[in-house]
Amino acid sequence: MEHITSILKNIASPKDLKNLSLKQLQSLALEIRETIIKTVSKTGGHLAPNLGVVELTIALHCVFDTSVDRIIWDVGHQSYVHKLLTGRLAQFSTLRQYGGLSGFPKPEESIHDAFATGHSSTSISAALGMALTRDLKGEKHSVVAVIGDGSLTGGMAFEALNYAGHLKTNMIVVLNDNEMSIAPNVGALSGYLSRLRTDPKYSKGKDEIADLLQKIPHGPKLLKVVDRLKDSVKYLVVPGMLFEELGFTYLGPVDGHDTKAVLTMLQQAKAVSGPVLVHVITKKGKGYLPAEQNPDRYHGVGPFDLETGTVVKSQGPPSYTEVFGETIVKLAKEDDRIIGITAAMPSGTGLNSFAKEFPKRYFDVGIAEQHAVTMAAGMAATGYRPIAAIYSTFLQRAYDQVLHDVCMQNLPVTFALDRGGLVGDDGPTHHGVFDISFLRNIPNLVMMSPKDENELQHMLKTAVTYNGPVAIRYPRGNGIGISMDEKLQCLPIGKGEVIREGNDVLLLAIGNMVQEALKAAESLSAQGIEATVINARYTKPLDEELILNYAGRIKNIVTIEEHVLAGGFGSSILELFESSGLTDVKMKRLGLPDEFIEHGTQNQLRAQYGLTSAGIVDTVLNHHIHKNRTRKEFL
Ligand SMILES: Cc1ncc(C[n+]2csc(CCOP(=O)(O)OP(=O)(O)O)c2C)c(N)n1
Ligand SMILES: CC(=O)[C@@H](O)[C@H](O)COP(=O)(O)O
Ligand SMILES: [Mg+2]
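Being a predicted model, the structure only gives us computed values, none of them experimental.

1. A look at the sheet that holds strand E9 (residues 414-417)
Logical step 1: Strand order in the open sheet formed by seven strands is E7-E6-E8-E9-E11-E10-E15, with mixed pairing between adjacent strands. Of all the strands in the sheet, the pair left with one neighbour each is strand E7 (362-364) and strand E15 (538-540). For this sheet the average axis-to-axis angle between neighbouring strands, irrespective of direction, equals 20°.
Logical step 2: Pairing of strand E10 (residues 446-448) with strand E11 (residues 470-473), which is carried by three bridges, proceeds in the parallel orientation. Bridging from a neighbouring strand, Met-448 pairs with Ile-472 of E11.
Logical step 3: Its contacts with the sheet put helix H14 (residues 320-334) on strand E6 (338-342), strand E8 (385-389) and E9, and the angle it makes with E8 is roughly 170°.
Logical step 4: Lying over the sheet, helix H21 (residues 453-465) contacts E6, E8, E9, E10, E11 and E15, oriented at roughly 165° with respect to E11.

2. Observations regarding the UniProt feature "binding site: Mg(2+)" (unreviewed entry) in the chain
Logical step 1: Residues annotated by UniProt as "binding site: Mg(2+)" (unreviewed entry) correspond here to Asp-149 and Asn-178. The greatest C-alpha distance among the annotated residues, which extend across 30 residues, is 6.9 Å, indicating that they converge on a single site.
Logical step 2: On the secondary structure map, Asp-149 appears in the loop between strand E2 (143-148) and helix H6 (155-164).
Logical step 3: Leaving out residues up to four positions away in the same chain, Asp-149 has contacts with Leu-175, Asn-176, Asp-177, Asn-178, Glu-179, Met-180, Asn-185 and Leu-193.

3. Looking at unusual backbone geometry
Most peptide bonds take the trans configuration, and most residues that are not glycine carry a negative phi.
Logical step 1: Note that the residue after Gly-252, namely Pro-253, is joined by a cis bond; omega there is -5°.
Logical step 2: Here Pro-253 shows up in strand E4 (residues 249-255).
Logical step 3: With a phi close to 75°, Ser-121 is a non-glycine residue in the positive phi region.
Logical step 4: Within the secondary structure, Ser-121 is located in the loop between helix H4 (80-85) and helix H5 (123-137).

4. Observations regarding the domain arrangement of the chain
Logical step 1: What the domain assignment reports for the chain is domain 1 (8-185 + 239-293), domain 2 (186-238), domain 3 (320-473) and domain 4 (497-634).
Logical step 2: Computed over C-alpha atoms only, the centres of domain 1 and domain 3 are separated by 32 Å.
Logical step 3: Listed as interface residues are 19 residues of domain 1 and, on the opposing side, 16 residues of domain 3.
Logical step 4: Across the interface of domain 1 and domain 3, roughly 1300 Å² is buried in total on both sides, 50% from carbon and sulfur atoms.

5. Details of the coordination of the magnesium ion (ligand 3)
Logical step 1: The protein atoms that coordinate the magnesium ion (ligand 3) are Asp-149 (OD), Asn-178 (OD1) and Met-180 (O), at distances of 2.0 to 2.2 Å.
Logical step 2: Within one chain, the residues serving as donors to the magnesium ion (ligand 3) are arranged as D-x28-N-x1-M. Here the residue Asp-149 occupies a position in the loop between E2 and H6, and Asn-178 occupies one in the loop between strand E3 (171-177) and helix H7 (188-198), the gap between them amounting to 29 residues. The two residues Asp-149 and Asn-178 agree in class, both being buried.

6. Concerning the site of ligand 1
Logical step 1: The environment of ligand 1 is formed by 23 residues, the closest being His-77, Gly-150, Ser-151, Lys-284 and Glu-369.
Logical step 2: Within the side chain of His-77, one N or O atom sits 2.8 Å away from an oxygen atom of ligand 1.
Logical step 3: Ser-151 is positioned such that a nitrogen or oxygen atom in its side chain is 2.7 Å from an oxygen atom of ligand 1.
Logical step 4: The fraction of the free accessible surface of ligand 1 (580 Å²) that becomes covered by protein chains is 98%.
Logical step 5: Its residues assigned to classes, the shell around ligand 1 comprises eight nonpolar, 11 polar and four charged.
Logical step 6: Looking at which domains feed residues into the shell around ligand 1, each of domain 1 (8-185 + 239-293) and domain 3 (320-473) supplies at least three.

7. Description of the packing of helix H3 (residues 54-63) against helix H12 (residues 259-271)
Logical step 1: Taken N-terminus to C-terminus, the directions of H3 and H12 make an angle of 45°; their axes are 9 Å apart at the nearest point. What the angle tells us is that H3 and H12 run oblique. Remark: the crossing between H3 and H12 carries right-handed chirality. Residues Glu-55, Leu-56, Ala-59, Leu-60, Cys-62 and Val-63 of H3 touch H12, and the partners they reach there are Thr-259, Val-262, Leu-263, Leu-266, Gln-267 and Lys-270.
Logical step 2: The residue inventory of the contact of H3 with H12, partitioned by class, reads eight nonpolar, two polar and two charged.

8. What about H5?
Logical step 1: With 15 residues, H5 should reach 21 Å at 1.5 Å per residue; the first-to-last C-alpha distance of 21 Å fits that figure.
Logical step 2: Residues of H5 that are buried make contact with strand E1 (70-73), E2, H6 and E3.
Logical step 3: With its phi angle positive at about 70°, Gly-138 sits one or two positions after the end of H5.

9. Observations concerning the sheet that holds strand E16 (residues 556-564)
Logical step 1: Reading across the sheet, the five strands line up as E12-E14-E13-E16-E17 and stay open at both edges, with mixed pairing between neighbours. Looking at which strands have only one partner, the edges of the open sheet turn out to be strand E12 (497-500) and strand E17 (586-592). Sheet twist, expressed as the average angle between the axes of neighbouring strands with direction ignored, equals 25°.
Logical step 2: Pairing of E12 with strand E14 (residues 531-535) involves three bridges; the strand directions are antiparallel. Its bridge partner being in E14, Val-498 is matched across the sheet by Ile-534.
Logical step 3: Sitting on the sheet, helix H22 (residues 513-526) is in contact with E12, strand E13 (505-509), E14 and E16, with an inclination near 160° to E13.

Thresholds applied
- All residue numbers refer to positions counted from 1 along the written sequence of the respective chain.
- Labels are handed out in written order, letters beginning with A for the chains and numbers beginning with 1 for the ligands.
- Owing to the predicted nature of the model, reporting of local features is limited to residues with pLDDT of at least 70; listing and counting of side-chain atom pairs is limited to 80 or more, with chain, interface and lining totals taken over all residues.
- Only heavy atoms go into the side-chain values, all of them from the structure, while hydrogens and water stay out.
- A pair of strands is treated as paired once DSSP finds two or more bridges between them.
- By the criteria applied, helices consist of DSSP H or I runs no shorter than four residues and strands consist of E runs no shorter than two, each listed in order from the N terminus.
- Only the stretch in contact is used when a helix axis is fitted, and all axes are lines through C-alpha atoms; the angle between N-to-C directions ranges over 0 to 180 degrees.
- Two residues form a contact once any of their heavy atoms are found within 4.5 Å.
- UniProt positions are given in the numbering used here, feature names are shortened, and annotations may be inferred rather than shown by experiment.
- Segment limits for the domains were obtained from an automatic or database-derived domain assignment.
- By buried area we mean the combined loss of accessible area, with a 1.4 Å probe, across both parts when two parts are placed together.
- The rule for donors is simple: N, O or S, within 2.8 Å of the metal, or within 3.2 Å if the metal is Na, K or Ca. Water isn't counted, so a site may look like it is missing partners.
- Each residue gets one of three labels from its accessible area relative to the maximum for its type: buried under 20%, exposed over 50%, partly exposed in between, using a 1.4 Å probe on protein chains only.
- When we say a residue is near a molecule or strand, we mean one of its heavy atoms is within 4 Å of it.
- A 3.5 Å cut-off defines polar contacts: any pair of N or O atoms within that distance qualifies, except that in protein one atom must be a possible hydrogen donor and the other a possible acceptor, and neighbouring residues in sequence count only when both atoms are side-chain atoms.
- Per-residue and other accessible areas follow the Shrake-Rupley method at a 1.4 Å probe size, with only the shown protein chains counted as cover for residues.
- We call Asp, Glu, Lys and Arg charged. Ala, Val, Leu, Ile, Met, Phe, Trp, Tyr, Cys and Pro are nonpolar, and the rest, Gly among them, are polar.
- Note on angle classes: values under 35 degrees are labelled roughly parallel, values over 145 roughly antiparallel, values of 65 to 115 roughly perpendicular, and the remainder oblique.
- Put simply, a crossing is left-handed when the front helix is turned counterclockwise from the back one by less than a right angle, and right-handed when it is turned clockwise.
- In this analysis, the expected span of each helix is defined as 1.5 Å times one less than the number of residues it contains.

Here is the structure:
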């Protein structure tokens, strides 16, 4: 790596950019690209988004001084270049590794990281907040939001744009338009941006038209008429009219890979009084052919072969995502009421195969989870069975839509919550570890979690058959390699299952933690302690009869969930015991503490928080059996 970073290695902070020539900046861009490609080929990460913003980020750090100016990166998955330019080259090889650099901006990592991001469409709101307080304090620094065309489809972005027009002082929104969300961008806005990118008449300024009219017979009179029709003329000739109507000065579009042009445009933007939107056109994956050719595949990528771009395929059983995708195709063949909905994540959720098979029943609404949920409610209210496939962490954004629009009306919407649990390298912004808490308190909602990929398919069948709202939470990654039943069957609602009998300790597990509980039971058995393992299956409604039957007899109880303890599955068991008057039990809840869990591999994090068979065994031995006590005493 040494030879390719002759300029980059001398950039200790963005200040070092100020004395570089344009040519040197262009060489720096090459070095940065090579550094990112080489590093991400080992660590995995968001390759294509970062390759698309190299020149843009260099220009931003030339024009702004992020020791005082504030740049907020929407989603923040494209902040690797920013990190390289703000003194983190030395740690860059630890990107997304346990204890290493985050893949997203983090203020605790650097003063140059103005705001933590990870979920989409938040940057303009945050920037607006910072601009307004800047003005309250009478300060003069710049505030910039860098937002992608995909993130601009998030409603929150428009809530902020709508309000930013009130700003009388400078705030800059840099729209990084690469025509891609994760998949190709969708919606009318995407079409509008395409016209701004490609249609020459949109780039004609209104002054040119006015000049033209002055020169032709009756032109001045015509100009008056035109002025009266200004809206239609404006929409015809003034580019970015949508943004101008919202009170923004629209600048662009500009080639985001032309460092000189971007530098000029950003300087212009800095001089505008009031909010300004700079429309930058970039290519996602720029500079690495496999990523340029397939920006969807290389949006978020695991380690890959540098020469060929071949991504190292995870071996082993099918993923929960793949089983979800295959199962809903199977179900949709039998039931034409089934609809698939994604919020801009067809491949991540596994809906892409459904999209191919049933294009008329597939809807990608853009990064708009709230809209997705209430649109699903509308579909369910008119006789359909919509499946809203939304990552657990991203459903957080649509809580009231789930509660108010779906559950209050008891509508048959299925929420397929992929990434339920610790997701690994994406870290705290993406762990799906709050859903049991925020969903189990909603009346009418049924919530379940499969012990393995075979049970997931039966749960999906159950969900699309059930006449009410159902949420199914399942983890990121592969199943356990269990054989898959050919025939899908409906599971009895609210019924768990005993998968192992033993009289000494009761292990109550939900979802993928059932496998850990089974392994722990085998280890305990080798030490003469026999455990009952119950697959709870439902976090709501609990199988109260089954649980109380066993808890009434086995006083040593451990609950296990890959979820925060606060309000989680274990809490629901405590509530059950309290409401049933069961007090003489010794119970320990295993789950995640009341803190945001850092990034690392799923296995590293599970081990750290005792969510493994070893952790369960330790808990039983240390919590229920003191070290120096014998089994006899224990019993
Ligand atoms: C609320 C939310 N939903 C979904 C995602 C997943 N996600 C991350 S990046 C992305 C696409 C972003 O597209 P864009 O803003 O255009 O950035 P680009 O990757 O093209 O640079 C999506 C859907 C997210 N981070 N946050
Ligand atoms: C940045 C972002 O939010 C997505 O790209 C997310 O990282 C996808 O996660 P998976 O890799 O689990 O699909
Ligand atoms: Mg984009």
